[in-house]
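Breakdown of the fold
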Amino acid sequence: QVQLLESGGGLVQAGGSRRLLCAAHARTFNSLIMGWFRHAPGKGRGFVGLISRSGAATDYADSVKGRFPISKDNAKNTVYLQMNNLKPEYTFQYYCAASRFYNGRDVDQYDCWGQGTKVTVAS
């Protein structure tokens, strides 16, 4: 079983930055596609970005492209979401997810999820 644990959330002022981490307990972390998603009350989980098995390729939602880069350290079994120039409307619960074969944006195709970490952006 793959276990994921997000961390790094908290309160940040508008315009500030925050780095989220997703630590994976997995025997084959370098075989996993890792995705980041966000969720707000009354809405489904939305795609933020993903990173390939090797970390060489990424995909981002248009709303965060160029602002929230994702990186991966296979040696540490950790994936990162660097959040820059944060705004209050980016207040969400953020989740990481893993897939062994699926390389895309569909929430339902990921079957391994972390518990989430809350990012609150204050003005």
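One structure accompanies this document, and this report is about it. (Residues numbered from 1 in each chain as written. Predicted model: local features only at pLDDT ≥ 70, side-chain atom pairs only at ≥ 80, totals over all residues. Heavy atoms only, no water.)

**Remarks on the sheet that holds strand β1 (residues 3-7)**
- What the 4 strands build is an open sheet, ordered β1-β3-β8-β7; its pairing is antiparallel. The sheet is open, and its two edges are formed by β1 and β7 (70-73), each paired on a single side. Along the sheet, successive strands turn relative to each other by an average axial angle of 20 degrees, direction set aside. (Pairing = 2+ DSSP bridges. Helix = DSSP H or I, 4+ residues; strand = E, 2+ residues; numbered from the N terminus. Axes fitted to C-alpha atoms, helices over the stretch in contact; angles between N-to-C directions.)

**So, the pairing of strand β8 (residues 78-83)**
- With 5 of its 6 residues buried, β8 lies for the most part within the structure.
- In this structure, the hairpin formed by β7 and β8 is closed by a connection of 4 residues, where Asn-77 is found at a positive phi of approximately 55 degrees. (Buried < 20%, exposed > 50% of the residue type's maximum accessible area, 1.4 Å probe, protein only.)

**Let's talk about the pattern of salt bridges**
- Counted according to the given criterion, the structure contains 2 salt bridges.
- Salt-bridge contacts for Asp-59 lead to Arg-105; the nearest nitrogen and oxygen are separated by 2.8 Å. Linking Asp-59 in strand β6 (residues 58-60) with Arg-105 in the loop between β9 (92-99) and β10 (112-113), this pair joins segments that are 46 residues apart in sequence.
- Assessed through its relative accessible area of 40%, Arg-105 is described here as partly exposed. (Salt bridge = Lys/Arg side-chain N within 4 Å of Asp/Glu carboxyl O.)

**Thoughts on the nonpolar core**
- Formed by 36 residues in total, the largest nonpolar core has its most connected members in Leu-4, Met-34, Trp-36, Phe-68, Leu-81, Met-83 and Tyr-94.
- Of all the secondary structure elements, the ones that give two or more residues to this core are β3 (18-25), β4 (33-39), β5 (46-51), β8, β9 and β11 (117-122).
- Among the elements that line this core, the one with the most residues is β9, at 5 residues. (Core = buried A, V, L, I, M, F, W, Y, C linked by side-chain atoms within 4.5 Å.)

**Let's talk about the environment of Leu-5**
- Structurally, the position occupied by Leu-5 is in strand β1.
- With 19 residues separating them in the primary sequence, Leu-5 and Ala-24 have C-alpha atoms 6.5 Å apart.

**Quick notes on the state of the cysteines**
- Applying the stated criterion across every chain, the model contains 1 disulfide.
- The side chain of Cys-22 participates in a disulfide bridge whose partner is Cys-96; the two sulfur atoms lie 1.9 Å from each other. Taking the sign of the torsion about the S-S bond as the criterion, the disulfide between Cys-22 and Cys-96, at about 55 degrees, is right-handed. Of this pair, Cys-22 sits in strand β3 while Cys-96 sits in strand β9; the two residues are 74 residues apart in sequence, bridging distant segments of the chain.
- The class for Cys-22 is buried, based on a relative accessible area of 0%.
- Unpaired in this structure, Cys-112 has its nearest cysteine sulfur neighbour in Cys-96, at a distance of 7.9 Å. (Disulfide = S-S within 2.5 Å.)

**What to know about the environment of Asp-108**
- Structurally, the position occupied by Asp-108 is in the loop between β9 and β10.
- Look at Asp-108 and you get exposed, because its relative accessible area is 67%.
- Along the chain, Asp-108 and Arg-18 lie 90 residues apart, while their C-alpha atoms are 27 Å from each other.

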